[in-house]
Amino acid sequence: MTDVAHRATFTAMDHSTAEEWAVIAKEHDKLVDGLADQILDHLKLLDGDFGGFAVDRLTHSLQTAARAEADGQDDAYIVSALLHDIGDTLAPSNHPDVAASILKAWVPEPYHWMVQHHGIFQGYYFWHHLGGNRDAREEFRGHEHFELTAEFCARYDQVAFDPDYATPPLEHYEPLVRDIFRHR
């Protein structure tokens, strides 16, 4: 926490000074420096939350990342796979938006788009069981990242609910998370 001596005093931004913004920028840098820890802590909150699935949400995320890693995907892809469902418990109706917002400034645009849209693409595998349109992803057919996202769901996401899959612990991915979310 910033002590009072190291905080801005303005009550409206149009009354701020360059010196105050320098203080705020320093605090922002501290926030960014701790971002990887915040992300890892939030992933840990998914541990034990099964949501009716055969594995908990953390295990699902770890399995998705592990499958991408086993296929030789790059680090940014693997971290995107790990975080794709980080918003499940915060925003159950639009969880891809949470993950995509976290990743946007840190991963290449194709991976951001993939995470942002994986929910509708994942629907191909189960929405028809709930009375929905499993082909809703077709509205994106022809988009440059359609195949990337379809492949992500097919190869890594929709198959990552296996209690018998050799799933690495979160600690295995900590160096990747720290590398992707390091202060630039």
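Scroll up for the structure.
Quick caveat: nothing in here was measured; it's all calculated off a predicted structure. (Residues numbered from 1 in each chain as written. Predicted model: local features only at pLDDT ≥ 70, side-chain atom pairs only at ≥ 80, totals over all residues. Heavy atoms only, no water.)

1. Regarding the overall build of the protein
The secondary structure content of the protein amounts to 8 helices and 0 strands. When the helices and strands of the protein are placed in sequence order, the string is α-α-α-α-α-α-α-α. Projecting the C-alpha coordinates of the protein onto the three principal axes gives extents of approximately 55 × 35 × 30 Å. Taken across its 184 residues, the protein has 41% of its residues classed as buried. Put simply, of all contacts in the protein between residues at least 6 apart along the chain, 64% involve residues at least 24 apart. Just so you have it, the protein exposes about 10,100 Å², and 54% of that area is on carbon and sulfur atoms. Counting 14 positive and 32 negative side-chain charges, the protein places the centres of these two groups 1 Å from one another. (Helix = DSSP H or I, 4+ residues; strand = E, 2+ residues; numbered from the N terminus. Buried < 20%, exposed > 50% of the residue type's maximum accessible area, 1.4 Å probe, protein only. Contact = heavy atoms within 4.5 Å. Areas by Shrake-Rupley, 256 points an atom, 1.4 Å probe, with all protein chains shown as cover. Lys, Arg positive; Asp, Glu negative; His and termini not counted. Charge placed at Lys NZ, Arg CZ, Asp CG, Glu CD.)

2. A word on the pattern of salt bridges
The tally for this structure, following the rule as stated, stands at 10 salt bridges. Across the pair R141 and E138 runs a salt bridge, and its minimum N-O distance is 2.8 Å. Its relative accessible area of 31% is what places E138 among the partly exposed residues. Among the salt bridges present, the one from E174 reaches R178, with a minimum N-O distance of 3.8 Å. (Salt bridge = Lys/Arg side-chain N within 4 Å of Asp/Glu carboxyl O.)

3. Here we look at the side chain of D56
Mapping D56 onto the fold places it in the loop between helix 2 (35-44) and helix 3 (57-70). Buried charge without a partner: D56 forms no salt bridge, and the closest opposite charge is R57, 8.5 Å away. At a separation of 2.7 Å, a polar atom in the side chain of D56 contacts the main-chain amide nitrogen of T59. In this view, D56 contacts L46, D47, G48, D49 and F50; residues no more than four positions away in its chain are not counted. (Polar contact = N/O pair within 3.5 Å; in protein donor to acceptor, adjacent residues only side chain to side chain.)

4. Details of the layout of surface pockets
Of the pockets and cavities examined, the largest pocket occupies roughly 490 Å³. Around the largest pocket sit 19 residues that line it, and F53, D85, H95, Q122 and F126 are the ones nearest its centre. At the level of secondary structure, the elements contributing two or more residues to the lining of the largest pocket comprise helix 3 and helix 6 (109-122). With 4 residues, the top contributor of residues to the lining of the largest pocket is helix 6. Tallied by class, the residues present in the lining of the largest pocket amount to 8 nonpolar, 6 polar and 5 charged. (1 Å grid on protein atoms, 1.4 Å probe; cavity = no way out; pocket = protein on both sides within 12 Å on 5 of 7 lines; lining within 4 Å. Points joined across faces, edges and corners; volume = space filled by probe spheres on them. Nonpolar A, V, L, I, M, F, W, Y, C, P; charged D, E, K, R; others polar.)

5. What to know about the packing of aromatic side chains
All told, the structure shown has 13 aromatic pairs when counted by the stated rule. Here Y77 and F152 contribute two aromatic rings whose centre-to-centre distance is 6.1 Å and whose plane-to-plane angle is 70°, an arrangement assigned as edge-to-face. Taken together, the residues span a long stretch of sequence, with Y77 in helix 4 (residues 75-83) and F152 in helix 7 (residues 146-157) at a distance of 75 residues. Across this residue pair, the class does not change: Y77 and F152 are buried. Three or more aromatic residues joined by ring pairs form one cluster here, namely Y77, Y111, F152 and Y156. Geometry around Y124 places R134 over its ring, the cationic atom sitting 4.2 Å from the centre. Above the face of the Y124 ring, R137 is positioned so that its terminal group lies 4.1 Å from the ring centre. (Phe/Tyr/Trp six-rings, centres within 6.5 Å; stacked < 30°, edge-to-face > 60°. Lys NZ or Arg CZ within 6 Å of the ring centre and 35° of its normal.)

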